[in-house]
Amino acid sequence: TVYNYFGDKAALVEAVTQRVEARVLERIERAMWNLPTARARVAAVIYTMFETAAQFPEESVILERRIGAAGSHESLIGALILAELRNREFDRLAEAGARRAALTLILSAICSGMREVVCGRSCWGEAETLALVARCLAALGVDEEQASLEARVASSRLNWTYDVA
């Protein structure tokens, strides 16, 4: 049985979660590759999560549980975002707790957005995704015009099409 490999149900769930998170992390790293700014890389993370939700809805449920759980800051995706937030482009986040608060904001936006993408009753599309990514960047202190530009740059690198039911 499967329990010959995994001690119990929790160990099995953790193994599946780690595998899904590793796959999405590979997608994120490809999307971030060669982007010139931390702002664009953060936008690429958000877009990749939404792309994953659209293409692999079952994985988005697993990912949402991982990044929405207590201690989500220690998830691989959270750690990647936090590393980008430490870039000097985000020096405004240097005060105590600001980076963790920004990470919480981004992870919350990702979870909410993924639910919208997966929900068949939703009319979530490219305009909503662009707006959400730009708003996240603006909340991090990025000028609104620059935030919109970075959102469009990240969007242009993905192969995701919006097939809204």
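In this text the structure is predicted, and so the values were computed from the model without any measurement.

S.K.: Honestly, the overall build of the protein chain in this entry has me stumped. Any pointers?
M.R.: Assigned secondary structure in the protein chain consists of seven helices and zero strands. Secondary structure elements in the protein chain, listed N-terminal to C-terminal, are α-α-α-α-α-α-α. For the protein chain, whose C-alpha radius of gyration is 16 Å, the value lies close to the compact-globule estimate of 15 Å for 165 residues. Summarising its shape, the C-alpha atoms of the protein chain cover approximately 55 × 40 × 30 Å along the three principal directions. Counting all 165 residues of the protein chain, 44% fall into the buried class. In the protein chain, the proportion of contacts linking residues at least 24 apart, taken out of those at least 6 apart, comes to 71%. For the protein chain, the exposed surface amounts to about 8,900 Å²; the carbon and sulfur share of it is 52%. Positive and negative charge centroids in the protein chain, built from 19 and 22 side chains respectively, lie 3 Å apart.

S.K.: Honestly, unusual backbone geometry in this entry has me stumped. Any pointers?
M.R.: It is generally the case that most residues other than glycine have a negative phi and that most peptide bonds are trans. One non-glycine residue, Asn34, lies in positive phi territory at about 70 degrees. By the secondary structure assignment, Asn34 is in the loop between helix 1 (9–32) and helix 2 (38–55).

S.K.: Before we go on, may I ask you to explain the packing of helix 2 against helix 5 (residues 98–118) in this structure?
M.R.: Each pair of packed helices can be described by the angle between their axes along with the distance between the axes. Put simply, helix 2 and helix 5 touch, their axes get as near as 8 Å, and they point 30 degrees apart. By the angle between their axes, helix 2 is roughly parallel relative to helix 5. Note that helix 2 runs across helix 5; the crossing there is right-handed. Within the contact between the two elements, helix 2 uses Val42, Val45, Ile46, Met49, Phe50, Ala53 and Ala54 and helix 5 uses Ile106, Ala109, Ile110, Gly113, Met114, Val117 and Val118. Considered class by class, the residues forming the contact of helix 2 with helix 5 number 13 nonpolar, one polar and no charged.

S.K.: What is the right way to read the packing of helix 1 against helix 4 (residues 76–85) from this model?
M.R.: Contact geometry for helix 1 and helix 4: axes closest at 9 Å, N-to-C directions at 25 degrees. Relative to helix 4, the element helix 1 lies roughly parallel. On the side of helix 1, the interface is formed by Glu21, Val24, Leu25, Ile28 and Met32, while helix 4 contributes Leu76, Ile77, Leu80 and Glu84. Here the contact of helix 1 with helix 4 is built from residues that sort into seven nonpolar, no polar and two charged.

S.K.: Explain the state of the cysteines here, please?
M.R.: Working definition: the covalent bond between the sulfur atoms of two cysteines is a disulfide. With the rule as written, the count across this model stands at zero disulfides. Here Cys111 stays unpaired: no disulfide links it, and the sulfur of Cys136, its closest cysteine neighbor, is 11 Å away.

S.K.: Any chance you could explain the side chain of Arg27 here in plain terms?
M.R.: Secondary-structure assignment places Arg27 in helix 1. Looking at Arg27, its side chain comes within polar contact range of the side chain of Thr52, at 3.1 Å. The contact partners of Arg27, leaving out residues within four places of it in the chain, are Thr48, Thr52, Phe56 and Glu59.

S.K.: Just checking my understanding: could you explain the pattern of salt bridges for this structure?
M.R.: Side chains that differ in sign of charge can pair as their charged atoms come close. Under the counting rule described, the total for this entry stands at nine salt bridges. Among the ionic pairs, Arg23 bridges to Glu59, the shortest N-O distance being 2.9 Å. On the criterion of sequence distance, the pair formed by Arg23 in helix 1 and Glu59 in helix 3 (residues 57–68) is long-range, its members being 36 residues apart. Two residues, Glu64 and Arg115, come together in a salt bridge whose shortest N-O distance is 2.1 Å.

Criteria and cut-off values
Residues numbered from 1 in each chain as written. Predicted model: local features only at pLDDT ≥ 70, side-chain atom pairs only at ≥ 80, totals over all residues. Heavy atoms only, no water. Helix = DSSP H or I, 4+ residues; strand = E, 2+ residues; numbered from the N terminus. Rg over C-alpha atoms; globule rule 2.2 N^0.38 Å. Buried < 20%, exposed > 50% of the residue type's maximum accessible area, 1.4 Å probe, protein only. Contact = heavy atoms within 4.5 Å. Areas by Shrake-Rupley, 256 points an atom, 1.4 Å probe, with all protein chains shown as cover. Lys, Arg positive; Asp, Glu negative; His and termini not counted. Charge placed at Lys NZ, Arg CZ, Asp CG, Glu CD. Axes fitted to C-alpha atoms, helices over the stretch in contact; angles between N-to-C directions. Parallel < 35°, antiparallel > 145°, perpendicular 65-115°, else oblique. Left-handed = near helix turned anticlockwise from the far one by under 90°. Nonpolar A, V, L, I, M, F, W, Y, C, P; charged D, E, K, R; others polar. Disulfide = S-S within 2.5 Å. Polar contact = N/O pair within 3.5 Å; in protein donor to acceptor, adjacent residues only side chain to side chain. Salt bridge = Lys/Arg side-chain N within 4 Å of Asp/Glu carboxyl O.

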